[in-house]
Amino acid sequence: MSAEENENLLTNEDNNDESDQSKTEKQPKQETRYEDPNLTSDLATIMHLVKGNIGTGLLGLPWAIQHAGILLGPILVVIMAIICTHCMQLLVKNSKFYSRRLKVRALDYPSVMYHAAENSNVDLIRNNPNFFRQLVNAFLLITQLGFCCVYFVFIAQNVRQVVMTWWPGAPSDRVFMAFTLIPIILLSFIRHLKVLAWFSATANIATAASLGIIFYYVFPGLTQKEMPPLVNSEIPTFFGTAIFAFEGIGVVLPLENQMKNPQNFRYILPLGMGLVSSMYLLVGVTGYIKYGEDICGSITLNLQSGQG
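A. Geometry of the overall build of the protein. The helix and strand tally for the protein stands at 13 helices and zero strands. In the protein, the succession of α and β elements from N to C terminus is α-α-α-α-α-α-α-α-α-α-α-α-α. Residue burial in the protein is summarised as follows: out of 308 residues, 36% are buried. A sequence separation of at least 24 residues applies to 79% of the contacts in the protein between residues at least 6 apart.

Right, here's the structure in full:
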C-alpha cells in the first residue's frame, strides 16, 4: 500500500466518521451511554498540553537563539513548531484510523507503530512490526528518562539555592534530589489525567508567575540594547537546545485518548502549540537581546548575577 493510498484511506475514514456522526445526532437516543467520569474536558486538555510542552527548555532558548542569530533563530523556532505540530496531528490521525479499523476506543504509541508497520509498503518494515513496536517503546523510555533527569537536577538546584539564603550550610544537590523523589513517586501513582488537571493548572499558574518575574528583569532598558548578530553559524548547538524545548510529543496520544470529546483535539492541538511557541519566541528573543553574548545556559542565572 503506497503512502498516497494510505493518506486517501485516512481522509475517507475521517469523512465517513463525520457523516456517521451527523446521522447519529439526527437519530433519537434510545439509551443512555455510559461515560467514563475520569475523562478530561477540553480546558483540562489544553492545560495538560501547555504544561507538557513548557519545561526547563524554555529557560535555555535565549542561549539557543544566540547560536543561530536574532533573525535566523526565531525563524527556525517557528519552522520547528510547525513540523512538531504537523507530526503530532499525523500521529493522532493514524491512531484514530487504526482504532476505527480495529473497533477499539484508543491505541497507545507502540500499538499505532505496530499497525502502521504492518501496512507499510516497505517489505523490511512490514515483516518486522514487533521490532518497530519495541523500538518506539525504547525511544519513549530514553526521552522521558532524559527529561525526568533534567527536572530532578533543575528542581534540586533551585530549591537548594532558595534554602541557602537562610541556611548557608545546606547539604548538596543530591540530598535535595532524594527529597524530591518522594513527592514525584506519589504523583506517579495518579492514573487519571482528570485528577492531574489541578496539578497542571497550578503548574501553569506558577509558570506564568515565573515568566512575569523574568520579564520584570528583562524588559527594562530592552530598547536601548544593541541588536545582536542576525545570523550565527553554530546551528547544530541551536537545534540541540531547541529540540529539547519541544518535549511534548510524549503526551499527545494519552491526552487525546483521555478526552471527553476527542474530535475537538484537532482544534486544541494547534491552539496549545501556538501558545507554547509564542512563549518560546518571546522569552528567547527578549532574553538574547537583553543579555547578548553574556546570556547563560538558563536565563535565570543572568537574573541572579544581575548582568545587563
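B. How the structure looks around the confidence of the model for the protein. Mean pLDDT over the protein works out to 82, with 86% of the residues at or above the 70 mark. Under a pLDDT of 50 for its full length, residues 21-34 has, in the predicted model, one contact with residues more than four places off or in other chains.

C. Molecular detail of a nonpolar patch on the surface. Together, Leu71, Ile75, Ile79, Ile83, Met227, Leu230 and Val231 make up a nonpolar patch on the protein surface, roughly 650 Å² of accessible area in all. Take Ile79: it is sitting in helix H4 (residues 72-102). Residue classification places Ile79 among the partly exposed positions, given a relative accessible area of 42%.

D. Spatial organisation of the pattern of salt bridges. Applying the stated rule across the entire model yields three salt bridges. Taking the shortest distance from any N to any O, the salt bridge between Glu256 and Lys96 comes out at 3.9 Å. Here the residue Glu256 occupies a position in helix H11 (residues 252-257), and Lys96 occupies one in helix H4, the gap between them amounting to 160 residues. Comparing Glu256 with Lys96, the two get one shared label, buried. Notably, a salt bridge pairs Arg126 with Asp123, separated by 2.1 Å at the nearest N-O pair.

The rules we used
- Residues numbered from 1 in each chain as written.
- Predicted model: local features only at pLDDT ≥ 70, side-chain atom pairs only at ≥ 80, totals over all residues.
- Heavy atoms only, no water.
- Helix = DSSP H or I, 4+ residues; strand = E, 2+ residues; numbered from the N terminus.
- Buried < 20%, exposed > 50% of the residue type's maximum accessible area, 1.4 Å probe, protein only.
- Contact = heavy atoms within 4.5 Å.
- pLDDT = per-residue confidence, 0-100.
- Patch = residues over 30% accessible without salt bridge, like charges linked within 9 Å, V, L, I, M, F, W, Y side chains within 5 Å.
- Areas by Shrake-Rupley, 256 points an atom, 1.4 Å probe, with all protein chains shown as cover.
- Salt bridge = Lys/Arg side-chain N within 4 Å of Asp/Glu carboxyl O.

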